[in-house]
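Remarks on the overall topology
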Amino acid sequence: MRFVPREWKWSYFSAIFACGAIAITLPLLLNFMQPALLEPVELWTVDLRFQHRPPLPVSDDPTQNQSGTVVAFDYDDRAATAYGLGRWPWDRRIHAQVLDLLSKSGARAVLVDLLFDHAAANPAEDKALMEATQQAGMVFYPIALRPAAEGERGKLLPFPAPRHLLQAEVKGFGEIPAVADITLPLPDLVKSARGLGHTQRTTDRDGVLREVPLLYAFKGGFLPSLALAAALRQLDVDPASVRIDRGRTIRFKPRKGEEVVIPIDKQGRTWINYAGHWGERFQHYPYSWILDQLKSSPGQASFPDRFKGKIVVVSNLTTGSGSRVAIPFEGDFPSGEIQLHLLNMLLRQQFLREATEFESALCLGAPVLLLTVATLTGGPWLVLVGFVTILGSYLLALQQVFNKAGVILPALNPILALSSAPILLLVTRYRFVDRERERFQSVLGGFLPPQTIKAIQENPQTIPRLLAGRTRELTIFFADIKGFSSFCKRSDPLQIQRLLRDYLTAMTIILRGYGGTLDKYMGDGIMAFFGDAEPEGGGEESEERRVARNAANAVRAGLAMQKKMTELNLRWLSQGQEPHLIRIGINSGFVTVGNLGTEFLWDYTVIGPEVNKAQRLESAAEAGALLLARRTYALARNQGVLPDDLPPCTFALKGIGEETDLYAVPAELVAQLAVSLPYQEEVEKVESQIS
């Protein structure tokens, strides 16, 4: 196989980025083909965000955990039994008394979440309720409606009380839901009410109420929800300021204050930003408790300060009468409580919104892009660690953005894309990188030092640099057994094989331990070089330090090999074999290094005059000694490996001539010098693999 770094680089990059694009496309295709499949799961992730979010603030006073503006007035079972009110429906004069009580107590507005759509059997009841409503002047009543189905949206329904409709400038694309049928309160209540609003609540397919339409379209205007109608009055909104950007926002401008912008979706719905569990964020006053207080203070005209300046939501919590729904964090939630949460959301402008198209695209693409970059810059472990880190960070971001900014970022599509990306990326990585790295290691891995193998494993893109032919100053090392040819003539092949195995294994472990690259075995000869695997660059000083460090390591390796031969000779003598001595030559200089073979046979080696000189030094060295070139000795001496007073000597080198500035380390000095292994962990690992 021909190794072409540039072709490998571009094909690898394009394949990796293609995998990222495929990972992003997969969830989009799934959404396109099965849109109803993922929606319930996505909504479930929103519920989880609600469940893990702290309760919303409902008061300007941070020490208060309940709203000081919105309160609940609950009709309860105890009021019916203890005060003889009977079964529901109660006498409407009771409701009139409640409205009168709340009005005299200073309530700013009363939202009655009860539908009085038919006349009572006793006309006096309806008269009393109408008069109380008229006198209070701040009562809001609901209407019931049936949304228009898809085939019924062509013609808008007229509204019998157009003064309660909103007039708004409309633009954009999207839908404001229309109405097929309505049920109004009694005509006198419609006339005397401060406002009307719908209480339409349509749950999602899983039965959970998460969104509501704030407006329904009628002929001539828009009917607000009951909470929105009350909020518009309380905020003193200029009717001419209402703007509807379909599929995006509802806007209006209070006479005092900044413009209010309510996000809506393509169906005209807004998310209900629930402030907390039932009874936790809003004060509830059971009717029975209020009757108890009034009974203990007979003759008191009004209930002191409990409702002064408050917006009061009146709802029915008697058994079997009040409706209940499921919400994101509670399965049995009184529907009347929803008005409290909507009012708090509108008055405090605590809106939720879905992510924009740009934000959704960023959420989908950014995590996969980060993982793709991790694939390009590191090994498989970085892909897996990156996946876990990016996924955890994204989940945390989903919650934090929801908590702090009220933005519902998409969860399922990015998670699906991010989950499929590691599989695609790792398979492609193996196809282009790991397979090439394995092939490289199978060919040259046994020749490279452990730290070089580790560097390749961590960053396979170092392979092209190692294989590319280049000129660099290295330290060349040759070792050879003296008289080995004569030994072979008088020994049997198995004995030769065992001796070579013992010798070459021990010497290779030492070379690799000192960072040497094993070039080749030449019978009993060993060729190695030092310094090729370290990164290039950093300036002249950095290069000089590299050369000095590796020259010193080469000399240390030579000393260690001579000492190891003493151990091997003791073993061989104990086995009845003859001892052997080795000669070592070391030279430092500029050589050509790289894969100097062909596609048929790789040969990662060094060539050049300095290589020839190192071999001649080994041939001229004495048995049991080292023979060093002048530069090698100077570098090793400066590193503290050799003594300063080693005298120069002169040798006649075959094919080179007489060299006068060489340095011999005799066997006697070798025995005196102490040597330590700089890569002991790597040596132990190699020894364990061999054993």
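Report follows, based on the coordinates. Residue positions within a chain follow its written sequence, with the count starting from 1. The predicted nature of this model means local features are confined to residues of pLDDT at least 70 and side-chain atom pairs, given and counted, to a pLDDT of 80 or more, with totals for whole chains, interfaces and linings taken over all residues. As a rule here, side-chain values cover all heavy atoms of the structure and leave hydrogens and water aside.

Section: the overall build of the protein
Counting from the N terminus, the helices are the DSSP runs of H or I reaching at least four residues and the strands are the DSSP runs of E reaching at least two. The secondary structure content of the protein amounts to 21 helices and 27 strands. Note on exposure labels: buried denotes an accessible area under 20% of the residue type's maximum, exposed denotes more than 50%, and partly exposed covers the range between, all computed with a 1.4 Å probe on protein chains only. Expressed as a percentage of its 691 residues, the buried residues of the protein come to 50%. Whether two residues touch is decided by their heavy atoms; if any such pair falls within 4.5 Å, the residues are in contact. Within the protein, contacts between residues separated by at least 24 positions form 75% of all contacts whose residues are at least 6 apart in sequence. About 32600 Å² of surface is accessible on the protein, with carbon and sulfur atoms providing 55% of the total. Residue-level accessible areas treat just the shown protein chains as cover; the underlying method is Shrake-Rupley with a 1.4 Å probe.

Remarks on the packing of helix H4 (residues 92-104) against helix H5 (residues 123-136)
Working convention: axes come from line fits to C-alpha atoms, limited for helices to the stretch in contact. Angles between N-to-C directions cover 0 to 180 degrees. Contact pair H4 / H5: the axes reach a minimum separation of 8 Å and the direction vectors enclose 15 degrees. It follows that H4 is roughly parallel to H5 by the angle criterion. Along this stretch, H4 crosses H5, giving a crossing that reads as left-handed. Seen from H4, the contacting residues are Arg 92, Arg 93, His 95, Ala 96, Leu 99 and Ser 103; seen from H5, they are Ala 124, Glu 125, Asp 126, Ala 128, Leu 129, Ala 132, Thr 133 and Ala 136. Oblique is the label for any angle not under 35 degrees, not over 145, and not in the 65 to 115 range, which are roughly parallel, roughly antiparallel and roughly perpendicular in turn. Two helices that cross are described as forming a left-handed crossing if the nearer one is turned anticlockwise from the farther one by less than a right angle, and a right-handed crossing if clockwise.

Digging into unusual backbone geometry
With the exception of glycine, most residues fall at negative phi, and the peptide bonds are largely trans. Going from Trp 88 to Pro 89, the amide bond is cis rather than trans, its omega being 5 degrees. Following the sequence through the fold, Pro 89 ends up in the loop between helix H3 (77-82) and H4. The backbone phi angle of Gln 349 is positive, close to 55 degrees, even though this residue is not glycine. Looking at where Gln 349 falls in the secondary structure, it is placed in the loop between helix H9 (337-348) and strand E18 (353-354).

Thoughts on the pattern of salt bridges
Salt bridges are defined as contacts in which a side-chain nitrogen from Lys or Arg sits within 4 Å of a carboxyl oxygen from Asp or Glu. Applying the stated criterion to the full structure yields 31 salt bridges. Taking the shortest distance from any N to any O, the salt bridge between Asp 47 and Arg 210 comes out at 2.7 Å. With a gap of 163 residues between them, Asp 47 in helix H2 (residues 35-51) and Arg 210 in the loop between strand E6 (195-198) and strand E7 (211-213) connect regions that are remote in the sequence. As far as burial versus exposure is concerned, Asp 47 and Arg 210 are alike and both buried. Here Arg 269 makes a salt bridge to Asp 265, at a shortest N to O gap of 3.2 Å.

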